[in-house]
Amino acid sequence: MERYDQLYRLYDEFDAATLRALQNFVDLFPPVDSRVALEHWQEASDELDGLKAEVRDAFPATGETFCELAARATRDQAFTALDLYAKYDRGVNVLVLDVDETLRSAGGTDNEIPRETLHLLTEFHESGLPIVVCTGQTLENVKGFLIQGLGNEIVHSGNLSVVYEAGTGVFTPGHGADTKRLLYDDLDRDVRAIFDAVRSRVLSEAPERLRRGCHLQGNEFNVTLKPNFETGSDDAREVIDRALVYELDLLGSAVAAEVGEGVEADAETASDWARAYYASRDPEIRGVLESEGETPDADPEDLPDPVRAAFERIDVAYYEADAAEIGSLELNKVAGVESAFDVLGIDDPFAAVMGDSKSDLRVMKWVAENDAGIAAAPEHASRDVLDHVVRTDELIFDRGKAGDVLRTIYALNRLANLG
């Protein structure tokens, strides 16, 4: 209780709001060639140092930590951090971060990672905390915006890893032969053949309306159709709904052809098998099929065993108004994160996992089951993600405000260092 009493005193007796405002100004002040502006920055910096000195003097044993808490975390964030420390008795030793609709948001940050968030990530990096960026995007896309936002030195520091295409590969610069791990190379030949078949047909055989309305993301392995419209728009929703049905049909056909002997099915039957199987396992997919008037006739319990066995290894993911994707259930974000931890040498992880989708939920559940971390999500995340986060530590943040949770994690780690 002593630590709680100290925090109450910190936020009751000192002007933490002014401390935070000055710290943000000093941290995020853009580089300008103006004597007047630089003088203003210096005045703010001097005032900040003076206020921090007052906090240090008031808390002889914990002053350095408490002045940084007041300058970087709100009262609520600091007390949340202290609750987390009381619950887990440790700080976070690795960040696992989704990008789209988590660090950045089409509806909240103009699809850019805010400068505040980038600065906080830079500070975590400078403190020695490893960062794992875990996304469904292609490696080249991720490398591009990370270098632009964080800088080449951080990206190639050896302490940052990229899990891309939702776990099909892991890129960790500076680690020799382990710099790039192609996890899909370890899949059985028959599974790879199914993906090759779907990929080779997905655009060439698509109806013209669908072909004009979406594009194939340039993945190394996963087959992902993305809209040629703004993510989240009605046009994007319409074309991705159609793309999902189309991908299911292609997958059914490819699986029926690959399993071969003992399984005979025309295109319509194979499509029904895929629709029935995935609709029975994902209510969102079932809802799309119903809204498109494409409800399957097949009973998922009547599928031939070889077909079912193939489907059980393949994931179909639907991201409303954003993407329809076929991936491997053996290659998901959990597998990618485990591989990234291995390369980074993190053998006792306590991760902060931030994400919004079902693929992120797998990582959140994995760390929860293994007492290996905490989870946070934006308020517009999928229902299942929000349910999990609310049931655990209630780390929900507003759209485009990932920095709020990062500040809580910063406070947690500072408090954990006090012991």
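What comes next is a walk through the structure. Every value quoted in this text rests on a predicted model; they were computed, and no experiment measured them.

Turning our eyes to something else, we now look at the environment of Leu 289. Here Leu 289 lies in helix α13 (residues 283-291). Note: C-alpha distance between Leu 289 and Arg 242 (47 residues apart in sequence) is 9.0 Å. Aside from chain neighbours lying at most four places away, what touches Leu 289 is Val 245, Leu 248, Arg 275, Ala 279, Glu 294, Thr 295 and Pro 296.

If you walk through the whole model with that rule in mind, you get 35 salt bridges. Put simply, Arg 90 and Asp 348 hold a salt bridge, and the shortest N to O gap is 3.4 Å. One end of the pair, Arg 90, is in the loop between α5 (75-88) and β1 (94-97); the other, Asp 348, is in the loop between α15 (333-344) and β10 (351-354), and 258 residues separate them in sequence. Owing to a relative accessible area of 23%, Arg 90 belongs among the partly exposed residues under this scheme. Classification of Asp 348 as partly exposed rests on a relative accessible area of 46%. Its salt-bridge partner being Asp 196, residue Arg 199 comes within 3.5 Å of it at the nearest N-O pair. In this pair, Arg 199 and Asp 196 are both assigned in helix α9 (residues 189-202), 3 residues apart and thus about one turn of the helix distant. For Asp 196, a relative accessible area of 47% gives the class partly exposed. Connected via shared salt-bridge partners are Asp 27, Lys 52, Glu 68, Arg 72 and Glu 123.

Next up on the list: the sheet that holds strand β2 (residues 131-134). The 8 strands are arranged β5-β4-β3-β2-β1-β10-β11-β12 in an open sheet whose pairing can be described as mixed. Edge positions in the sheet fall to β5 (180-182) and β12 (395-397), since each of these pairs with one other strand and no more. For this sheet the average axis-to-axis angle between neighbouring strands, irrespective of direction, equals 15°. In terms of strand pairing, β1 meets β2 through 3 bridges, oriented parallel. Residue pairing across strands places Leu 97 opposite Val 133, the latter belonging to β2. Contacts from helix α7 (residues 139-150) reach β2, β3 (160-164), β4 (169-171) and β5 within the one sheet, and its direction differs from that of β3 by about 145°.

Turning our attention to the packing of aromatic side chains. Taken as a whole, this structure holds 12 aromatic pairs when the rule is applied. Between Phe 14 and Phe 59, the ring centres sit 6.1 Å apart and the planes meet at 50°, which makes this aromatic pair tilted. On the criterion of sequence distance, the pair formed by Phe 14 in the loop between α1 (2-13) and α2 (16-28) and Phe 59 in the loop between α3 (35-58) and α4 (63-72) is long-range, its members being 45 residues apart. Across the pair, Phe 59 and Phe 14 agree in class, each one buried. Note on Tyr 88 and Phe 350: the rings are 5.2 Å apart at their centroids and 55° apart in plane angle, and the pair reads as tilted. Note that Tyr 88 is positioned in helix α5 and Phe 350 in the loop between α15 and β10, a separation of 262 residues in sequence. On the basis of relative accessible area, Tyr 88 is assigned to the partly exposed category, the value being 24%. Among the aromatic residues, those joined into a cluster by ring pairs are Tyr 4, Tyr 8 and Phe 79. Over the ring of Phe 59 we find Arg 9, and its NZ or CZ is 4.6 Å from the ring centre.

Pairing within the open sheet is antiparallel, and its 4 strands lie in the order β6-β7-β9-β8. With partners counted over all chains shown, the strands left at the sheet margins are β6 (214-216) and β8 (314-319), one partner each. On average, each strand axis in the sheet is inclined to that of its neighbour by 20°, with strand direction left out of account. Pairing of strand β7 (residues 223-227) with strand β9 (residues 323-328) involves 3 bridges; the strand directions are antiparallel. Counterpart to Thr 224 in the pairing with β9 is Glu 325. Contacting β6, β7, β8 and β9, α9 crosses the sheet at an angle of about 30° to β7.

Counting 72 residues, the largest nonpolar core has Val 96, Leu 251, Tyr 278, Phe 311 and Phe 341 as its most contacted members. Take this core: its biggest share by element is 12 residues, from helix α11 (residues 234-259). Residue contacts for Phe 311: discarding those within four places in its chain leaves Leu 251, Gly 252, Val 255, Trp 273, Ala 274, Tyr 277, Tyr 278, Leu 303 and Leu 329. Counting residues in each nonpolar core, the second largest holds 66 residues, with Leu 19, Cys 67, Phe 79 and Phe 145 among its members.

Turning our attention to the environment of His 215. Relative to the assigned elements, His 215 resides in strand β6. A C-alpha to C-alpha distance of 46 Å links His 215 and Lys 87, two positions 128 residues apart in sequence. Sequence-distant contacts of His 215, defined by excluding residues within four places in its chain, comprise Thr 224, Leu 225, Lys 226, Pro 227 and Asn 228. In terms of polar contacts, His 215 uses its side chain to reach the side chain of Asn 228, at 2.7 Å.

This part covers the packing of α4 against helix α18 (residues 402-418). It is at 10 Å that the axes of α4 and α18 come closest, and there the two elements cross at 170°. Accordingly, the angle class assigned to the pair α4 and α18 is roughly antiparallel. Where α4 approaches α18, its residues Glu 64, Thr 65, Phe 66, Glu 68, Leu 69 and Arg 72 are matched on the opposing element by Arg 407, Tyr 410, Ala 411, Arg 414, Leu 415 and Leu 418. Residue composition of the contact of α4 with α18, by class: 6 nonpolar, 1 polar and 5 charged.

Rules used throughout
- Along each chain, numbering runs from 1 in the same order as the chain's sequence is written.
- Per-residue local features of the predicted model are confined to residues with pLDDT of at least 70, and side-chain atom pairs are confined, for both listing and counting, to 80 or more; whole-chain, interface and lining totals are unaffected and use all residues.
- Side-chain numbers here rest on the full set of heavy atoms in the structure, without hydrogens or water.
- The way it works is that DSSP assigns letters per residue, a run of H or I at least four long becomes a helix, a run of E at least two long becomes a strand, and they are numbered from the N terminus.
- Should any heavy atoms of two residues lie within 4.5 Å, those residues are considered in contact.
- One speaks of a salt bridge when a side-chain nitrogen belonging to Lys or Arg is within 4 Å of a carboxyl oxygen belonging to Asp or Glu.
- Summary of the burial criterion: residues with accessible area below 20% of their type's maximum are buried, those above 50% are exposed, and those between are partly exposed, where the area comes from a 1.4 Å probe applied to protein chains only.
- Only strands that DSSP links by at least two bridges are regarded as paired with each other.
- The angle between two axes is taken between their N-to-C directions and runs from 0 to 180 degrees, where each axis is a line fitted to C-alpha atoms and a helix contributes only its stretch in contact.
- Between the rings of Phe, Tyr and Trp (Trp by its six-membered ring), a pair exists once the centres lie within 6.5 Å; its type follows the angle of the planes, with under 30 degrees stacked, over 60 edge-to-face, and the other angles tilted.
- Counted as over-ring charges are cases with an Arg CZ or a Lys NZ within 6 Å of the ring centre that also lie within 35 degrees of the ring normal.
- We define the nonpolar core as a collection of buried residues of types Ala, Val, Leu, Ile, Met, Phe, Trp, Tyr and Cys that are connected through side-chain atoms lying within 4.5 Å of one another.
- Counted as a polar contact is a pair of N or O atoms within 3.5 Å, where, for protein atoms, one must be capable of donating a hydrogen and the other of accepting one, and residues adjacent in sequence contribute only when both atoms are in side chains.
- Convention used here: angles under 35 degrees read as roughly parallel, angles over 145 as roughly antiparallel, angles from 65 to 115 as roughly perpendicular, and any remaining angle as oblique.
- Following the grouping adopted for this structure description, the nonpolar residues are Ala, Val, Leu, Ile, Met, Phe, Trp, Tyr, Cys and Pro, the charged ones are Asp, Glu, Lys and Arg, and the polar ones are all others, Gly among them.

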